Amino acid sequence: MARAGITTDRLVAAAAELADEAGFEQVSLSALARRFGVKDASLYSHVRNLQDLRHRLALLAGGEMIDRIAVAVAGRSGRDALAAYADAYRAYAHAHPGRYAATGIRIDPTLVDPGNPAMRRTVEITYGMLRGYGLAEPDLTDAVRLLRATFHGYCVLEASGGFNAPRDVRASWERAIDALHIALENWPREETDHHG
C-alpha cells in the first residue's frame with residue numbers, strides 16, 4: 001500500500017484484518033507499519049499509541065457487531081428477538097475472532113465520545129430488546145450483564161475448544177437461549193426501599 005494512502009480509518013481497518021488473521025494480541029504498530037511499508041513513527045500522525053489504536057479497533061468491531069444484531073432483531077420480540085440477538089452475536093464472534101476479542105477490552109470512558117453512534121446504538125438495541133420483557137433499571141443493567149457474560153463465555157469457550165462433551169454445541173446454545181428467555185420472563189425485580 002502506498003504511504004500516501006494511510007488514513008486513520010484505513011489503519012484501523014488494517015488492524016481489524018490483522019486481528020482476525022493473527023489474533024488481537026498480535027496487533028501492533030510495528031506489524032501495521034510493515035503492512036503499509038512505512039516506519040512505525042509515521043503511524044503516530046494517525047493514532048496516539050497502541051492503546052488508542054486498540055480502542056478504535058474495539059469501537060469499530062462493536063459497531064459492526066451491533067449493526068448485524070440490529071438487522072437480526074428488527075421486527076422481532078420476546079424469545080425470537082433474544083434468539084436473533086444471540087445468534088447474530090455468536091456469528092460475529094465466529095466470523096471475526098480477532099475483532100470480537102477487541103470488544104472485550106476495557107475502554108477508558110474519558111477517551112470515548114459519549115455520543116458515539118456505535119455505543120449509543122448498542123444501548124438502544126440491547127435495552128430495547130430487554131424492555132420487551134418489562135425490565136427497567138436497575139434490572140436492565142443486571143440483565144445486560146447476564147446476557148453478555150453468557151454469550152461471551154460461550155463464544156470464548158467454544159472458540160478455544162472448551163466444550164468436550166459429545167453433545168452438539170448448537171443444541172446447548174439453543175437450550176441456553178431458552179433458559180435466558182425463562183429467566184428474563186421471570187426476572188426477580190429489585191425491591192425499592194420505601195423506608196425513610
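These figures come from a predicted structure and were not determined experimentally.

This part covers the overall build of the protein chain. Summing up its helical and strand segments, the protein chain has eight helices and zero strands in all. Listing each helix as α and each strand as β along the protein chain from the N terminus yields α-α-α-α-α-α-α-α. Taken along the three principal axes of its C-alpha coordinates, the protein chain extends 60 × 55 × 30 Å. With 196 residues in all, the protein chain has 39% of them scored as buried. Taking contacts inside the protein chain between residues at least 6 apart in sequence as the whole, the part at least 24 apart equals 69%. When the 23 positive and 25 negative side-chain charges of the protein chain are each reduced to one mean point, those points stand 7 Å apart.

Attention now goes to helix α8 (residues 169-185). Taking 1.5 Å as the rise per residue, α8 with 17 residues should run 24 Å; its terminal C-alpha atoms sit 24 Å apart, in good agreement. Elements that come into contact with the buried residues of α8 comprise α4 (78-95), α6 (117-131) and α7 (139-159). The backbone nitrogen of arginine 170 has a side-chain oxygen 3.3 Å away, supplied by the residue at the start of α8, namely aspartate 168.

Next up on the list: the environment of arginine 106. Position of arginine 106 among the secondary structure elements: in the loop between α5 (97-102) and α6. Considering only alpha carbons, one finds arginine 106 and alanine 58, 48 residues apart in sequence, at a separation of 9.2 Å.

Let's shift gears to the pattern of salt bridges. Following the criterion strictly, the structure yields 14 salt bridges and no others. In this structure, glutamate 64 and arginine 99 form a salt bridge, with 2.9 Å as the shortest nitrogen-oxygen distance. Placement of glutamate 64 in helix α3 (residues 50-73) and of arginine 99 in helix α5 is noted, with a sequence separation of 35 residues between them. Under the relative-accessibility criterion, glutamate 64 is labelled partly exposed at 25%. On the accessibility criterion, arginine 99 (12% relative accessible area) is buried.

The tendency in soluble globular proteins is for nonpolar side chains to be buried as a group. With 34 residues, the main nonpolar core has Ile69, Leu82, Leu130, Phe151 and Leu184 as its most contacted residues. Elements supplying a minimum of two residues to this core: α3, α4, α6, α7 and α8. Per-element tally for this core: the top contributor is α4, with ten residues. With near-sequence residues (within four places) excluded, phenylalanine 151 lies in contact with Leu82, Tyr85, Ala86, Tyr89, Trp173 and Leu180. Counting 22 residues, the second-largest nonpolar core is a separate cluster that includes Leu11, Ala15, Ala16 and Ala19.

The contact between α3 and α4 brings their axes to 8 Å, and the two run at 145°. Classified by chirality, the crossing of α4 by α3 is right-handed. Of the residues in α4, those touching α3 at Ala61, Glu64, Met65, Arg68, Ile69, Ala72 and Val73 are Ala81, Ala84, Tyr85, Ala88, Tyr89, Tyr92 and Ala95. Considering only residue class, the contact of α3 with α4 consists of twelve nonpolar, no polar and two charged.

Our focus in this paragraph is the packing of aromatic side chains. The final tally for this structure, using the stated rule, is six aromatic pairs. Ring geometry for tyrosine 89 against phenylalanine 151: centres 5.4 Å apart, planes inclined by 55°, an arrangement best described as tilted. Remark: phenylalanine 151 occurs in helix α7 and tyrosine 89 occurs in helix α4; sequence separation between them is 62 residues. Both residues of the pair, tyrosine 89 and phenylalanine 151, count as buried. Taking the centre distance of 5.7 Å and the plane angle of 50° together, the rings of phenylalanine 151 and tryptophan 173 count as tilted. Here phenylalanine 151, found in helix α7, pairs with tryptophan 173, found in helix α8; they are 22 residues apart in sequence, far enough to count as distant. For tryptophan 173, a relative accessible area of 2% puts it in the buried group. In textbook terms, an aromatic cluster arises when at least three aromatic residues are bridged by ring pairs, as seen for Tyr85, Tyr89, Tyr100, Phe151, Tyr154, Phe163 and Trp173. The cationic tip of arginine 90 hangs over the ring face of tryptophan 173; the distance from NZ or CZ to the ring centre is 5.2 Å.

Thresholds, definitions, all that
Residues numbered from 1 in each chain as written. Predicted model: local features only at pLDDT ≥ 70, side-chain atom pairs only at ≥ 80, totals over all residues. Heavy atoms only, no water. Helix = DSSP H or I, 4+ residues; strand = E, 2+ residues; numbered from the N terminus. Buried < 20%, exposed > 50% of the residue type's maximum accessible area, 1.4 Å probe, protein only. Contact = heavy atoms within 4.5 Å. Lys, Arg positive; Asp, Glu negative; His and termini not counted. Charge placed at Lys NZ, Arg CZ, Asp CG, Glu CD. Expected span 1.5 Å × (residues − 1). Polar contact = N/O pair within 3.5 Å; in protein donor to acceptor, adjacent residues only side chain to side chain. Salt bridge = Lys/Arg side-chain N within 4 Å of Asp/Glu carboxyl O. Core = buried A, V, L, I, M, F, W, Y, C linked by side-chain atoms within 4.5 Å. Axes fitted to C-alpha atoms, helices over the stretch in contact; angles between N-to-C directions. Left-handed = near helix turned anticlockwise from the far one by under 90°. Nonpolar A, V, L, I, M, F, W, Y, C, P; charged D, E, K, R; others polar. Phe/Tyr/Trp six-rings, centres within 6.5 Å; stacked < 30°, edge-to-face > 60°. Lys NZ or Arg CZ within 6 Å of the ring centre and 35° of its normal.

Interpretation in functional terms is not warranted from these geometric data alone.
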